[in-house]
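# Tertiary structure, described
Okay, here's what each chain looks like letter by letter:
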Amino acid sequence: MDPIESINIKKDTSFGFLLEAKNRGWDLFYCQPQNLSLKDNQVIADAQQINVFNEVGAHYRSEASKTIESDQFDAVFMRKDPPFDMDYIYSTYLLELAKEAGTLIINDPRSLRDCNEKLYTAWFPKFTPKTLVSASADQIKSFVTEQQDVILKPLDGMGGASIFRVKAGDPNVSVIIETLTQHSKQLAMAQTFIPEIVKGDKRILIVNGEVIPYTLARIPSKGETRGNLAAGGSGVPMPITDKELEIAEKIAPDLVKRGLYFVGLDMIGDYVTEINVTSPTCMRELENEYNINIAGKLFDAIEHQLKQ
């Protein structure tokens, strides 16, 4: 995961997993992706054994780092936030070798590579807004002209970074496209703007194929089109709608097939805009609001898988 010392334990989903593992008597070890190595065809980790506490400012205690072979672990969580760069990909290769040696990896490392959080929506076109993925300025400009009101975004971002709303005739459209595509050298995504964003960008959690019946609506702040909490949006827990549940349940079997145990589906209105597989968040907010144990559902599935 990312540096444990800097997380917000009230909201950090990875920390929620750590607390659940501790409550079940698991031994906890922590490292960052750069602490993985391959030596003599064995994946090893320079990891610290840790204990965690639900106390702000004193949430963990760690021991000295030691080198441990991956097959000594029952399960490894990959919870590194994007950017999804080459170092991230190299980590998934090492974790795939660890999986082949018998360690359960959550989420599956091959699927982490295969399922780009923006592009993976293309496997479910019935549930997505009209979308274009291209590096061509001409294609993107034509899409803006056709759709009139469009969201442009990079394929490797998170937290609302570099997301633009562009309307037909916007004098800045060319420079925005140049910035996102690196002058037509990099793919970017364009999607029809969905006005229902004012009601929130809904985060729906799916745990081992089970759709959690509550969502966190990330409501944009005044003057914003982005609901991301990192971009100033406010999180409002609410029950899932029948339509959201119907769509999520149709997507869930593919997640299970790909070994994606914990996924965050993003929906605006009746449309799926992203499928987050790297380090989905919003679990702790829903657990606190509805007094449910989402992490427990995940660990039930993991322990069942380990027994298999």
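In this report, the structure presented in the accompanying data block is examined. Each chain carries its own residue numbering, running from 1 in the direction its sequence is written. pLDDT decides what is reported in this predicted model: residues at 70 or higher carry local features, side-chain atom pairs at 80 or more are listed and counted, and totals for whole chains, interfaces and linings draw on all residues regardless. Computation of side-chain values covers all heavy atoms of the structure but excludes hydrogens and water.

### A word on the overall build of the protein chain
The following threshold applies: Helix and strand assignments follow DSSP, with helices taken as H or I runs no shorter than four residues and strands as E runs no shorter than two, numbered in order from the N terminus. We compute the radius of gyration over the C-alpha atoms and compare it with the globule rule, which gives 2.2 Å times the number of residues raised to the power 0.38. Burial status follows relative accessibility: with a 1.4 Å probe on protein chains alone, a residue under 20% of its type maximum counts as buried, one over 50% as exposed, and anything between as partly exposed. Every residue pair with non-hydrogen atoms within 4.5 Å of one another is taken to be in contact.
Across its full length, the protein chain carries 8 helices and 16 strands. Here the protein chain has a C-alpha radius of gyration of 20 Å; the compact-globule value for 308 residues is 19 Å, and the two agree. Reported as C-alpha extents along the three principal axes, the dimensions of the protein chain are approximately 60 × 45 × 40 Å. Across the 308 residues of the protein chain, 49% fall into the buried class. Within the protein chain, residue pairs in contact and separated by at least 24 positions form 65% of the contacts whose partners lie at least 6 positions apart.

### Concerning helix α7 (residues 283-290)
For α7, the complete set of buried residues consists of Met283, Arg284, Glu285, Leu286 and Glu287. The inward-facing, buried residues of α7 abut α1 (13-23), β12 (201-207), β13 (210-219), β14 (234-239), β15 (262-268) and α8 (294-307). Trailing α7 by a residue or two, Asn291 shows a phi angle of about 55°, which is positive.

### Details of the packing of aromatic side chains
Convention followed: Each Phe, Tyr or Trp ring, with Trp reduced to its six-membered ring, pairs with another whose centre is within 6.5 Å; inter-plane angles below 30 degrees give stacked pairs, above 60 give edge-to-face pairs, and intermediate values give tilted ones.
With the rule as written, the count across this model stands at 9 aromatic pairs. Measuring from ring centre to ring centre gives 5.0 Å for Trp26 and Phe299, while their planes differ by 75°; the resulting arrangement is edge-to-face. One end of the pair, Trp26, is in the loop between α1 and β1 (28-30); the other, Phe299, is in helix α8, and 273 residues separate them in sequence. Since its relative accessible area comes to 23%, Trp26 is described here as partly exposed.

### A look at the sheet that holds β12
In plain terms, the rule: Strand pairing is assigned whenever DSSP detects at least two bridges linking the two strands. Angular values range over 0 to 180 degrees, each being the angle between N-to-C directions of two axes fitted as lines to C-alpha atoms, with helices fitted over their stretch in contact.
On the basis of which strands lie adjacent, the open sheet formed by 5 strands has the order β14-β13-β12-β15-β16 and antiparallel pairing. Only two strands of the sheet have a single neighbouring strand rather than two, namely β14 and β16 (271-276). Neighbour-to-neighbour, the strand axes of this sheet turn through a mean angle of 30°, independent of strand direction. Taken together, the 6 bridges between β12 and β15 define a ladder with antiparallel strand orientation. Its bridge partner being in β15, Leu205 is matched across the sheet by Gly264.

### Description of the pattern of salt bridges
How we decide: In what follows, salt bridge is the name for a side-chain nitrogen of Lys or Arg lying within 4 Å of a carboxyl oxygen of Asp or Glu.
This structure, assessed with the given rule, holds 18 salt bridges. Here Glu303 and Arg24 are joined by a salt bridge, their closest N and O atoms 2.9 Å apart. Taken together, the positions of Glu303 in helix α8 and Arg24 in the loop between α1 and β1 put the pair 279 residues apart, joining distant regions of the chain. Residue classification places Arg24 among the partly exposed positions, given a relative accessible area of 27%.

### Thoughts on the sheet that holds strand β11 (residues 188-192)
Within the open sheet, the 4 strands sit side by side as β8-β11-β9-β10. Their pairing is antiparallel. With one partner strand each, in any of the chains shown, β8 (131-134) and β10 (164-167) form the two edges of the open sheet. With direction set aside, neighbouring strand axes in the sheet form an average angle of 25°. Looking at chain direction, strand β9 (residues 149-154) and β11 are connected through 5 bridges and run antiparallel. When the bridges of β11 are listed, Val150 appears paired with Thr192. On the sheet, helix α5 (residues 173-181) packs against β8, β9, β10 and β11 and is oriented at approximately 30° with respect to β9.

### Focus: unusual backbone geometry
A cis amide bond links Ile106 with the next residue in sequence, Asn107, at an omega value of -5°. By the element assignment, Asn107 lies in the loop between β7 (104-106) and α3 (109-114). Of note, Asn208 is a non-glycine position whose phi angle comes to about 50°, a positive value. Its location among the elements puts Asn208 in the loop between β12 and β13.

### A closer look at the environment of Gly16
Among the structural elements, Gly16 can be located in helix α1. According to the relative accessible area criterion, Gly16 is buried, its value standing at 7%. Measuring from C-alpha to C-alpha, the distance between Gly16 and Arg284 comes to 6.7 Å, with 268 residues separating the pair along the chain.

### Describing helix α6 (residues 242-257)
Heads up, the condition is: Residue count minus one, scaled by 1.5 Å, sets the expected span of a helix. To obtain the bend at a residue, axes are fitted to the seven residues ending there and to the seven starting there, and the angle between these axes is taken.
Spanning 16 residues, α6 covers 24 Å between terminal C-alpha atoms, matching the ideal 22 Å at 1.5 Å per step. The largest bend in α6 is about 30°, located at Ile251, with the proline Pro253 one to four residues further on. Of all the residues in α6, the buried ones are Glu244, Ile247, Ala248, Ile251, Ala252, Asp254 and Leu255. Once α6 ends, the next one or two residues include Gly259, with phi positive near 75°.

### Quick look at the pairing of β15
Counted residue by residue, β15 has 7 buried out of 7 residues, so it is predominantly covered. Both β15 and β16 contribute to a ladder of 5 bridges, which runs antiparallel. Each residue of the ladder has a partner; that of Gly264, found in β16, is Asn276.

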